[in-house]
Amino acid sequence: MGVRRKMALRFDLIIFTILLFASPVLSDLILSKVDRRIDLTSQIVENEGSEPVSEVLLAFPDLQVKDLALLKASPHEGKGKVKSLSASLPVENVKPNGMPAALTFYAVKLPKALGKGDSYTFDVLAVFAHALRPFPEKITQADIQLVVFQESAFYLTPYVVKVQSLSVKLPESRIESYTKLENTKIHGSEIKYGPYENLPSFSYSPIVVHFESNQPFAVAQEVVREIEISHWGNVQVTEHYKLVHGGAQNKGEFSRLDYQARPTIRGASAFKYLIAKMPPRVHSVYYRDEIGNISTSNLWGDSKKTELLIEPRYPLFGGWRTAFTIGYGLPLKDFLFELEGNRFLNITFGSPMNELVIDNLIVKVVLPEGSGDISVSAPFPVNQWEETKLSHLDLTGRPVVVLQKTNVVPEHNQFFQVYYKFSKLSMLREPFMLIFGFFSLFVAGIVYMHVDMSISKSSAAYLARLQWDEVQAAIQQVENVINRCLTTHDKLEASLRDLSRTGDVQACKAARKAADGLLKELSKELKLVLSFLQSSSAASQILPKVEELVAKEKDLQEKVMAKHSTVVDCYEKKTGIRDSENRVAAQQQKITALRQEVENLLELIDEI
Amino acid sequence: MAPKPITSPVPDAWYPTLSVFMLAIGLFVTASFFIYEATSSRQNRSLGKELITGAVASVFLGFGSLFLLLASGVYV
């Protein structure tokens, strides 16, 4: 990994206690100590500070406010303590009277009003995007990128400040020039202005810092982030980026040879890759653009996070653009929860990319079809509206909540919630759609088989087919009857075996009687069908075979009966086993042969 | 009351197995449906049997194809 020097200004503003002398009137608030720290090491400018009072007004010049991305106030925890994100104070935009023009005011509400002589310390974090201006605005590939930052050395506030100081932290690179006021010192890459004492309100002393910054000025002009929830177990996130290098524009030619040979000299201001931090257990990550898949990427992760490193198809110099899409899937149980009958999605708002400033971020949350009562809760103001999207197996479309925000910085990557109601039965809608589709195919098949679609109802071919259908039905009946006869024979054989096993002659005789009765009935049925077949002309070809079959079956029947009687006789007369077997042997042979013939004939008839 | 994470009614890991089994059963029943159609004559055919076979086959095929879609990554 090469050296990555971040280029940006980060302002850290620390304001100390303010004493209140009289009733809380604006002009009587005194800021006792203001310490401002501005961090310019990335492309995002951050002001951090602490300020006590009941309701403090923060003033920003209008020109600066249009770059203001995030303004957050939190109680000062003291050195060494970790700032808790939950303890933030409400900040709102106000327009107080009697203030100088071209200033925008934000009021910070303190948890309790301060009485006389009380003090309170809090921190203010202000994040500005696009606050660094590249100067010169156009550079060649070999030039270094210099940016300019303008600020006021004295804190612009409607109150009197007792003590204040300003420290500007720059990336460890060259400082081209900076405004030298009284009490200005440089420590390494940090410029300290102050401390200044007892300055009146609205005091302003502009300073300009001109320095080198090679941090990646990755600016996304538009990011569309689509989050699709499927209750079958997946949250699919698809992000479309339109990226541009927001630093000094590249003029002249681009020499690939120079860039590859000495990238730190020829192309220091370019950036080659971006890193995205994603939640753990992410799967199916893809990185592609309009051309196709981009293979220059790396993914690694552990149980706490997953990191994706992507390299666009070319390094980005000032003013160059690129567009790509990143998609990944997340397990449902990490992000979708149920509380008191409501389901809600808890997911991060911004892009997972590190150090990316987004000019226009659109987040679309696609909820499954059948969701109702949709509401959004976000930790900062966003524009929102609803759409529908037609996706897999949809009838009317899925409800989509669209959230839009301009000037998004990585500090905005916090969790937001989307609440909705969804009944479990609605999940069955999708399989029922598929089942209905398949069933309609089967119904179509049934209808086709049942409906008579012949054009002429009296043509010879049609009538012949009708007759043949009837013959087929008759033959099936014959087959049915003969099969039943064969099963009766089998039953008789079984009774004989039982006899040899248990010696119960009565049972055997009873079985014989039953078989007799059954066979008589079957032969009656057979006669009926046979007479029909004989009368129909279409059956003339198959009739001899059928008659042969019936005859053979009758033969078989007689033989089986004979054998049965012989065996029972033998048993009753208690002749030896060998004798009885001798007598039966011949009959048995004929029976098996006949049986085989009957079955062959059955198969033959079947095939016709 | 802490929020409870929501998961799919059928565990994820079962999707491929379920899809194979349901589709196999569905195809068997479809085959028996078509065999019945082919071998029965016009008079012997029973509409009830056809409809029931078709319904059972379409239920299994429907669920099988749903799990097939889910197992292959199309989370419908």
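About the criteria used
- Residues numbered from 1 in each chain as written.
- Chains lettered and ligands numbered in written order.
- Predicted model: local features only at pLDDT ≥ 70, side-chain atom pairs only at ≥ 80, totals over all residues.
- Heavy atoms only, no water.
- Helix = DSSP H or I, 4+ residues; strand = E, 2+ residues; numbered from the N terminus.
- Contact = heavy atoms within 4.5 Å.
- Pairing = 2+ DSSP bridges.
- Axes fitted to C-alpha atoms, helices over the stretch in contact; angles between N-to-C directions.
- Core = buried A, V, L, I, M, F, W, Y, C linked by side-chain atoms within 4.5 Å.
- Buried < 20%, exposed > 50% of the residue type's maximum accessible area, 1.4 Å probe, protein only.
- Buried area = accessible area lost by both parts, 1.4 Å probe.
- Salt bridge = Lys/Arg side-chain N within 4 Å of Asp/Glu carboxyl O.
- Polar contact = N/O pair within 3.5 Å; in protein donor to acceptor, adjacent residues only side chain to side chain.
- Phe/Tyr/Trp six-rings, centres within 6.5 Å; stacked < 30°, edge-to-face > 60°.
- UniProt positions renumbered as here; feature names shortened; annotations may be inferred.
- Parallel < 35°, antiparallel > 145°, perpendicular 65-115°, else oblique.
- Left-handed = near helix turned anticlockwise from the far one by under 90°.
- Nonpolar A, V, L, I, M, F, W, Y, C, P; charged D, E, K, R; others polar.
- Patch = residues over 30% accessible without salt bridge, like charges linked within 9 Å, V, L, I, M, F, W, Y side chains within 5 Å.
- Areas by Shrake-Rupley, 256 points an atom, 1.4 Å probe, with all protein chains shown as cover.

Draft legend 1. The arrangement of the environment of Glu197(A) in detail. Residues and elements named next belong to chain A. In this structure, Glu197 sits in strand S16 (residues 190–199). As for Glu197 and Pro331, which are separated by 134 residues in sequence, their C-alpha atoms are 57 Å apart. Dropping the residues within four chain positions of it, Glu197 is found in contact with Lys162 and Val163.

Draft legend 2. Main features of the sheet that holds strand S28 (residues 357–366) of chain A. Residues and elements named next belong to chain A. The 7 strands lie next to each other as S22-S25-S19-S18-S28-S31-S30, forming an open sheet whose pairing is mixed. Either end of the sheet is taken by a strand with one partner, and the two such strands are strand S22 (283–288) and strand S30 (383–389). Each strand of the sheet is rotated relative to its neighbour by a mean of 15°, with strand direction disregarded. Alignment of strand S18 (residues 218–230) against strand S19 (residues 234–245), held across 12 bridges, turns out to be antiparallel. The residue of S19 that forms the bridge with Ser230 is Asn234.

Draft legend 3. Summary view of the nonpolar core. Residues and elements named next belong to chain A. Counting 57 residues, the largest nonpolar core has Phe324, Ile326, Ile347, Met353, Val365 and Phe416 as its most contacted members. Ranked by residues supplied to this core, first place goes to S18 with 5 residues. Once residues within four sequence positions are removed from consideration, Val365 is found in contact with Ile227, Ile229, Leu345, Pro399, Val400, Val401, Phe416 and Val418. Formed by 31 residues, the second largest nonpolar core is a distinct cluster that contains Ile475, Val478, Ala539 and Leu601.

Draft legend 4. Geometry of the pairing of S19(A). All names here are of chain A. For S19, the tally of buried residues reaches 9 of 12 residues, placing the bulk of the element in the interior. Between the end of S18 and the start of S19, which pair antiparallel, lie 3 residues, with Gly233 showing a positive phi angle near 125°. Of the pairings in the sheet, the one linking S19 to strand S25 (residues 321–331) comprises 11 bridges and is antiparallel in character. Across the sheet, the residue bridging to Asn234 is Pro331, located in S25.

Draft legend 5. A look at the interface of chain B and chain A. With 39 residues of chain B at the contact, the number on the chain A side is 34 residues. Across the chain B to chain A interface the summed buried area is about 3,400 Å²; carbon plus sulfur atoms make up 70%. At the boundary of chain B with chain A, the tally comes to 0 salt bridges. On the surface where chain B and chain A come into contact, there are 6 residue pairs in polar contact (both at pLDDT 80 or more). Where the side of chain B that touches chain A is concerned, the elements lending two or more residues are strand S1 (4–5), helix H1 (15–39) and helix H2 (47–71) of chain B.

Draft legend 6. Representation of unusual backbone geometry. All names here are of chain A. The step from Phe135 to Pro136 runs through a cis peptide bond, and the omega angle for that step is 10°. If you trace the backbone, Pro136 turns up in the loop between strand S10 (133–134) and strand S11 (138–139). A positive phi angle, near 55°, is found at Asn407, a position not held by glycine. Turning to its location among the elements, Asn407 is positioned in strand S31 (residues 398–408). Since its relative accessible area comes to 13%, Asn407 is described here as buried.

Draft legend 7. Representation of the packing of aromatic side chains within the structure. Residue and element names in this part refer to chain A. Evaluation of the coordinates by the stated rule reveals 18 aromatic pairs over all chains. The interplanar angle of 70° and the centroid separation of 6.3 Å between the aromatic rings of Tyr314 and Trp320 together place this pair among those described as edge-to-face. For Tyr314, a relative accessible area of 31% translates into the label partly exposed. Overall, Trp320 belongs to the partly exposed group, its relative accessible area being 22%.

Draft legend 8. Up close: the UniProt feature "transmembrane region" (unreviewed entry) in chain B. Residues and elements named next belong to chain B. In the numbering adopted here, UniProt assigns the feature "transmembrane region" (unreviewed entry) to residues 20–39 and 51–75. Split by type, residues 20–39 is 100% helix and 0% strand. Its first and last C-alpha atoms lie 28 Å apart. Taken end to end, residues 51–75 has its terminal C-alpha atoms 31 Å apart, with 84% of it in helix and 0% in strand.

Draft legend 9. Local environment of the packing of H1(B) against H2(B). Residues and elements named next belong to chain B. Between H1 and H2, the least distance of the axes is 7 Å, while the angle of their chain directions is 155°. In terms of their interaxial angle, H1 and H2 are classed as roughly antiparallel. Considering how the two elements wind past one another, H1 and H2 form a crossing that is left-handed. Within the contact of H1 with H2, the residues separate by chemical class into 19 nonpolar, 8 polar and 3 charged.

Draft legend 10. Up close: the side chain of Thr322(A). Residue and element names in this part refer to chain A. Summarising the element assignment, Thr322 is placed in strand S25. Note on Thr322: relative accessible area 12%, which makes it buried. Each residue touching Thr322, except ones within four places of it in the same chain, is listed here: Tyr241, Lys242, Leu243, Pro312, Tyr314 and Leu316.

Draft legend 11. The arrangement of a nonpolar patch on the surface in detail. Side chains of Val443(A), Val447(A), Tyr448(A), Val451(A), Met453(A), Leu47(B) and Leu51(B) sit close together on the surface and give an oily, nonpolar patch of about 620 Å² of accessible area. Listing elements by their share of the nonpolar patch, those giving two or more residues are helix H3 (429–450) of chain A together with H2 of chain B. When residues of the nonpolar patch are assigned to their parent elements, the largest contribution, 3 residues, is made by H3(A). Tracing the backbone shows Val443(A) in helix H3.

Draft legend 12. The pattern of salt bridges, seen in detail. Residue and element names in this part refer to chain A. For the structure on display, the rule yields 22 salt bridges over all chains. With a closest N to O distance of 3.0 Å, Asp394 and Arg398 form a salt bridge. For the pair Asp394 and Arg398, one class covers both residues: buried. A salt bridge links Asp490 to Arg595, with the shortest nitrogen-to-oxygen separation between them at 3.0 Å. Taken together, the residues span a long stretch of sequence, with Asp490 in helix H4 (residues 460–502) and Arg595 in helix H7 (residues 577–607) at a distance of 105 residues. We classify Asp490 as partly exposed; its relative accessible area is 37%. Through salt bridges with shared partners, a single network forms among Glu226, Glu228, Lys389, Asp394 and Arg398.

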